[in-house]
Amino acid sequence: SLDLLRNTFIIWTADHGDALGDHYLWRKGYAYEMSSRIPFIVRWPESMEGVGGVRVPRGIEMNQLVELRDILPTFLDIAHAD
């Protein structure tokens, strides 16, 4: 068994959405929730717990600001890339 789920780092997110008529607006970039509150869910392998700075309990909800440009450096850190 490869046990892939147990050994895989997963990030689930989405692009910030179009207004789609909310507040009578029809595109991105407005300072309303539909443009700034997007999902960002992270699941790290059990093997990473306590290693490399991961000290967050599983199942916790955090409210820190995260940007999509944080994803690539995160994966490079995980891969120990120089």
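## Points about a nonpolar patch on the surface
Next up, step 1: On the surface, Val56, Ile60 and Met62 cluster together into a nonpolar patch covering about 260 Å² of accessible area.
Next up, step 2: Mapped onto the elements, Val56 comes out in the loop between strand E2 (40-43) and helix H2 (71-78).
Next up, step 3: On the accessibility criterion, Val56 (31% relative accessible area) is partly exposed.

## Points about the packing of aromatic side chains
Next up, step 1: Applying the stated criterion across every chain, the model contains one aromatic pair.
Next up, step 2: Where Phe9 meets Phe75, the ring centres are 5.6 Å apart and the plane angle is 75 degrees; that geometry is what we call edge-to-face. Linking Phe9 in the segment before strand E1 (10-13) with Phe75 in helix H2, this pair joins segments that are 66 residues apart in sequence.
Next up, step 3: The class for Phe9 is buried, based on a relative accessible area of 16%.

## Considerations on the environment of Ile38
Next up, step 1: If you trace the backbone, Ile38 turns up in the loop between helix H1 (33-36) and E2.
Next up, step 2: Separated by 23 residues in the primary sequence, Ile38 and Asp15 place their C-alpha atoms 7.1 Å from one another.

Quick notes on the rules
Residues numbered from 1 in each chain as written. Predicted model: local features only at pLDDT ≥ 70, side-chain atom pairs only at ≥ 80, totals over all residues. Heavy atoms only, no water. Patch = residues over 30% accessible without salt bridge, like charges linked within 9 Å, V, L, I, M, F, W, Y side chains within 5 Å. Areas by Shrake-Rupley, 256 points an atom, 1.4 Å probe, with all protein chains shown as cover. Salt bridge = Lys/Arg side-chain N within 4 Å of Asp/Glu carboxyl O. Helix = DSSP H or I, 4+ residues; strand = E, 2+ residues; numbered from the N terminus. Buried < 20%, exposed > 50% of the residue type's maximum accessible area, 1.4 Å probe, protein only. Phe/Tyr/Trp six-rings, centres within 6.5 Å; stacked < 30°, edge-to-face > 60°.

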